[in-house]
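What the coordinates show
The residues making up each chain are set out below.
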Amino acid sequence: MPISLDTLCAVVTPARTALVLGAGASVPSGAPTGAELAAFLWRELASSDAQSTDLTETATILERRYGRESVVRRVVANLRRLTPTGGLLGLPTFDWKRLFTTNFDCLMEDAYKKHNRQLIPIRSNFDFSAKEGLDGLRLFKIHGCITQDEALGHRASMLLTETDYENHKKYRQLLFSHLANALLEGDALFIGQSLRDRHLVELVREVLKAKQDEGAPGQVYVLIYDPDDLRAPLLEDRGARVAFGGIDEFVHRLAQRGAVARTEPDFVKTGILPGELVSTVLDAAQELKSASNVVRMFNGGPATYSDINAGATFERSPYAATMEKLLSNAQTVTMVGAAGVGKSTFARQLASRFVQLGVPAWEHRVEFQFKAKPWMNIEAQLRATGKFGVLVLDECTHYLRQANVLIDHLADIKEPGLRLILTANSSQWAPRLKSPRIFSHGTVMQLSHLEDAEISSLINLVQFNGEIAALVHSTFKRLGRAEQVRALRQKSSADMFVCLKNIFANESLDTILLREFDELDETFQEYYRYVAALEAVGTRVHRQLIIRMLGLPPTQISGILGGLTDIVDEYDIVPRDGIYGWRTRHLVIARKIADYKFSGVAEVTALFETIIANINPSVPLELQTLREICDRDFGIGRIGDATVRKRLYRDLIDAAPGERIPWHRLIRELLNEGSLEETEYVIRDAEKAAGADAPIDRFKVRLLVVRSQNTGGISNNDRLALLRQAYELAMINIGKHSRDQYSYYALCDVAVQLVEKGESAYLLDEALVQARKGAEVILDPEMTKRIREYETGHLRRH
């Protein structure tokens, strides 16, 4: 039987609860019920009494008679002037775990605005990318919003008609998927539902069944504004707890329990970062106090702050000079190198030293989105007190756009209160758009194989660190120092020393890892190979993704992690959302395992298909995954079949149409195969869905160049005309994208082709003049080198 409102308020904890709002939640603020909105449409459009009280049926009939735009404009006019009051206005005083609504109105957005609390409405798949950088709680509007409809020129529509509901998967499937995941991860509270929304009722029933069958955590609560003794028992029979009442009463009684949102601590007084940052960083001072795990590091895990504090790492040659730069005038230090050369360890060594000097140091956790604005606030507070802090941005290319914003901000301050230590993988660093201030206000260094001084320091570890000495093979320890130096120089010459066990042993890294794999139970082998493969192709692996992909019962999680101790680690990402990351000891190790255990083309293709089918862009971690798996070396680009690659890119576009990188990869594929007409159409679709950017504008130039080369039946003068068009377009592009070095290269490439076809050499000179001006702003040494090659003719075709 239904529970009382007091009982409901006693058992609901907002921080653990996903809140789902229906029409009844907006009624006290003046919004119509579904039946009232249907009657309004009949009066406005048909000038008649309501022929149906069902809103979906009404909208379907009236759209057929009068057109969609007429229906949509009446709905918008009815809902746009509402103002939040009562219980709805009180909802922002609680820290809800998740927010969903089936309502079209903007009452929740206005309520949060009145409380000066940021709320980000997600109305369709397109908003995942467009609003990724905005900070605040997400409001998932699973039926759409009055601010967005195709009849008004937008890309997605409200779910008004029967057809809209049938086609909801096109632009809103991921919102329903996110709701389903939230309901499975903890408590859920439905407010204002009439139990007549067929999609929601079906979803609630599926979730209740899943909670019973799989033992998923949490409880489903339903607060019904219109008592429904017929349908409520149907949900109670499946495990839901139902209460009757309105939102005003509920919010009032919940507030009486003292469940309002907490206030943030004062950073200057306490040194505690605000809530938006505190869970996204490693505090170096705290990490140094943790217990070290030398065995794990020896077997390939990255050195932790505690390992560094325990003296289990060796000093890199540039260490002293880099510390001096950071203590003097360098605002940023960037270390670039291949995976496994020790970039992260070096960055942590520097941060650890600052902690010893009494300077606070943090490391951003790469599994979280990086936001520049909160760190600008921290910098200002540190500077106001005459202090400074250090922030490590490991693998910064994952969030380089926001890192650029912070770097530019710091460069405009005479003595900023924040120093930055960046690391980047070489292959990811070169093509990315970088702030010129990285070079003008800092230093960039390359890390590769070990130098002789570093090898000597490594040998000293064996002699003076008992824990490491106990792990090194006796054969190596019996060698004289000269022979030890020679052996280590040979092992470290491949720019990789991720695994100390590999360096000190006679076996290859491959053999060590494969033997370790074979010693595992077959069940654990399967999970290990999937986690490794997902990490290798760029996926941000976390528990819920593994559960979805492999159909893993949640009750087996602890047993699997126990069987993979020191091989696969679980760590907190957003615990309140049930998101816990999984990772191997190192990316290099993950790639080795994946190369052997997913060696067939069919296996690799099936892996990507499974990832895409289960990816949920509403989770920022998985939106980042969507970009990373487009990588040409380790992602979809590694598949040899162009047809398969194009299909996978299209699948990614369907999942997140506002995301640019899959569009870029698809356009490149079409250009490479010479599908010029299709390329033009896809470029147009990409601009409509994701907006124009520098790569798409460069593709337009390249399309003209390829047309000049491959179009049959046209004269040489026509081919020259196409190249001239390409040159003019490339010239326009450098004005639009003045900090994109590749736009300058595109201009020079077209100029080279024109000169080769007999046009004046002035065109190339003009292009080089523009490129030199760009280089003075961009400041990337690689651009200066490239211009020199154009000048000397190394990039000209003869």
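Please read these numbers as outputs of a predicted model, since none were measured by experiment.

How each quantity is defined
- Residues numbered from 1 in each chain as written.
- Predicted model: local features only at pLDDT ≥ 70, side-chain atom pairs only at ≥ 80, totals over all residues.
- Heavy atoms only, no water.
- Helix = DSSP H or I, 4+ residues; strand = E, 2+ residues; numbered from the N terminus.
- Rg over C-alpha atoms; globule rule 2.2 N^0.38 Å.
- Areas by Shrake-Rupley, 256 points an atom, 1.4 Å probe, with all protein chains shown as cover.
- Lys, Arg positive; Asp, Glu negative; His and termini not counted.
- Charge placed at Lys NZ, Arg CZ, Asp CG, Glu CD.
- Phe/Tyr/Trp six-rings, centres within 6.5 Å; stacked < 30°, edge-to-face > 60°.
- Buried < 20%, exposed > 50% of the residue type's maximum accessible area, 1.4 Å probe, protein only.
- Lys NZ or Arg CZ within 6 Å of the ring centre and 35° of its normal.
- Pairing = 2+ DSSP bridges.
- Axes fitted to C-alpha atoms, helices over the stretch in contact; angles between N-to-C directions.
- Expected span 1.5 Å × (residues − 1).
- Core = buried A, V, L, I, M, F, W, Y, C linked by side-chain atoms within 4.5 Å.
- Contact = heavy atoms within 4.5 Å.
- Salt bridge = Lys/Arg side-chain N within 4 Å of Asp/Glu carboxyl O.
- Parallel < 35°, antiparallel > 145°, perpendicular 65-115°, else oblique.
- Nonpolar A, V, L, I, M, F, W, Y, C, P; charged D, E, K, R; others polar.

1. Some points on the overall build of the protein
Scanning the protein for helices and strands turns up 44 helices and 15 strands. Computed over its C-alpha atoms, the radius of gyration of the protein comes to 30 Å, within 12% of the 28 Å expected for a compact globule of 798 residues. Its C-alpha atoms give the protein principal-axis dimensions of roughly 95 × 75 × 55 Å. Surface exposure of the protein reaches about 34100 Å², of which carbon and sulfur atoms provide 48%. If the 98 positive side-chain charges of the protein are averaged to one point and the 103 negative ones to another, these points end up 3 Å apart.

2. Considerations on the packing of aromatic side chains
Under the criterion given, the structure shown has 9 aromatic pairs. An angle of 80° between the planes, with centres 5.3 Å apart, marks the rings of tyrosine 530 and phenylalanine 598 as edge-to-face. With tyrosine 530 in helix H31 (residues 522-536) and phenylalanine 598 in the loop between helix H34 (587-597) and helix H35 (601-614), this residue pair connects regions lying 68 residues apart in the sequence. Residue tyrosine 530 shares its accessibility class with phenylalanine 598, and that shared class is buried. Ring geometry for tyrosine 742 against tyrosine 745: centres 5.4 Å apart, planes inclined by 85°, an arrangement best described as edge-to-face. Note that tyrosine 742 and tyrosine 745 are positioned in helix H42 (residues 741-756) at a spacing of 3 residues, about one turn of the helix. What makes tyrosine 745 buried here is its relative accessible area of 6%. One Lys or Arg, arginine 583, reaches over the ring of tyrosine 571 and ends 3.9 Å from the middle of that ring.

3. Concerning the sheet that holds strand E4 (residues 137-141)
Pairing is parallel in the open sheet, where 7 strands are placed in the order E3-E4-E2-E1-E5-E6-E7. Across the chains shown, the open sheet's two edge strands, defined by having one partner strand only, are strand E3 (119-122) and strand E7 (241-244). Along the sheet, successive strands turn relative to each other by an average axial angle of 20°, direction set aside. Pairing of strand E1 (residues 17-21) with strand E5 (residues 187-191) involves 5 bridges; the strand directions are parallel. Across the sheet, residue alanine 18 finds its bridge partner in E5, namely alanine 188.

4. A look at helix H20 (residues 343-356)
In this model H20 runs 20 Å from its N-terminal to its C-terminal C-alpha over 14 residues, within 8% of the 20 Å that 1.5 Å per residue would give. Buried residues dominate H20, accounting for 12 of its 14 residues. Just beyond H20, the residue with positive phi is glycine 358, at close to 85°.

5. Quick word on the nonpolar core
Counting residues in each nonpolar core, the largest one holds 68 residues, and the members touching the most others are Tyr528, Trp582 and Phe608. The element contributing the most residues to this core is H31, with 8 residues. The contacts of tyrosine 528, once residues within four sequence positions are left out, are Glu516, Phe517, Leu520, Leu564, Ile567, Val568, Thr584, Arg585, Ile589 and Ile593.

6. Notes on the pattern of salt bridges
In the structure shown here, the tally under the stated rule is 39 salt bridges. For the salt bridge of aspartate 408 with arginine 739, the shortest nitrogen-to-oxygen distance reads 3.8 Å. Taken together, the residues aspartate 408 in helix H22 (residues 400-411) and arginine 739 in the loop between helix H41 (716-736) and H42 connect sequence positions 331 residues apart. Overall, the relative accessible area of 17% leaves aspartate 408 in the buried class. Overall, arginine 739 belongs to the partly exposed group, its relative accessible area being 31%. Across the pair arginine 650 and glutamate 678 runs a salt bridge, and its minimum N-O distance is 2.5 Å. Within this pair, whereas arginine 650 is found in helix H37 (residues 642-655), its partner glutamate 678 is found in helix H39 (residues 676-690), the two being separated by 28 residues in sequence. By relative accessible area, arginine 650 is classed as partly exposed at 33%. Residue classification places glutamate 678 among the partly exposed residues on the basis of a relative accessible area of 33%. Each member of the salt-bridge network shares a partner with another, and the members are Glu63, Arg68, Asp149 and Asp164.

7. As for the environment of tyrosine 66
Relative to the helices and strands, tyrosine 66 resides in helix H4 (residues 55-66). When the C-alpha positions of tyrosine 66 and proline 553 are compared, they lie 50 Å apart, and in sequence the two are 487 residues distant. Among residues more than four places away in sequence, those in contact with tyrosine 66 are Leu45 and Ala46.

8. Quick word on the side chain of glutamine 741
Checked against the element boundaries, glutamine 741 lands in helix H42. Setting aside anything within four residues of it in sequence, one finds glutamine 741 in contact with Lys434, Ile778, Asp780 and Met783.

9. Considerations on the environment of leucine 729
Mapped onto the secondary structure, leucine 729 falls in helix H41. Under the relative-accessibility criterion, leucine 729 is labelled partly exposed at 23%. On a C-alpha basis, the gap between leucine 729 and valine 701 in space is 6.4 Å, while along the polypeptide they are 28 residues apart. Setting aside residues no more than four positions away along its own chain, leucine 729 makes contact with Lys700, Val701 and Leu704.

10. Considering the environment of glutamate 315
Within the fold, glutamate 315 resides in the loop between helix H18 (305-309) and helix H19 (319-327). Separated by 139 residues in the primary sequence, glutamate 315 and glutamate 454 have C-alpha atoms spaced 6.8 Å apart. In contact with glutamate 315, not counting residues within four places along its chain, are Gln349, Glu454 and Ser457.

11. A short note on unusual backbone geometry
Unlike most non-glycine residues, glutamate 395 shows phi in positive territory, near 50°. Looking at the element boundaries, glutamate 395 is found in the loop between strand E11 (389-393) and H22. For aspartate 566, which is not glycine, the phi torsion reads 65° and is therefore positive. With respect to the helices and strands, the residue aspartate 566 is situated in the loop between helix H33 (557-563) and strand E14 (568-574).

12. What to know about the sheet that holds strand E10 (residues 361-364)
The strand order across the open sheet built from 6 strands is E8-E10-E11-E12-E9-E13, with neighbouring strands paired in mixed fashion. Each edge of the open sheet carries a strand with a single partner, namely strand E8 (281-283) and strand E13 (442-446). Recorded for the sheet is a direction-independent mean angle of 20° between the axes of neighbouring strands. Strand direction decides the pairing type here: E8 and E10, joined by 3 bridges, are antiparallel. In the strand pairing of E10, valine 281 is matched with histidine 364. H19 contacts strand E9 (332-337), strand E12 (418-425) and E13 of the sheet and is inclined by roughly 140° relative to E12. The sheet strands contacting H20 are E8, E9, E10, E11, E12 and E13, and the helix crosses E12 at an angle near 165°.

13. Observations regarding the packing of H35 against H37
Contact geometry of H35 with H37 gives a least axis separation of 10 Å together with a crossing angle of 10°. Viewed along their axes, H35 and H37 adopt a mutual orientation that is roughly parallel. Taking contact as the criterion, the partners of Thr605, Phe608, Glu609 and Ile612 in H35 are, on H37, Val644, Arg647, Leu648, Asp651 and Leu652. In terms of residue class, the contact of H35 with H37 is built from 5 nonpolar, 1 polar and 3 charged.

Honestly, it's all geometry; don't read function into it.
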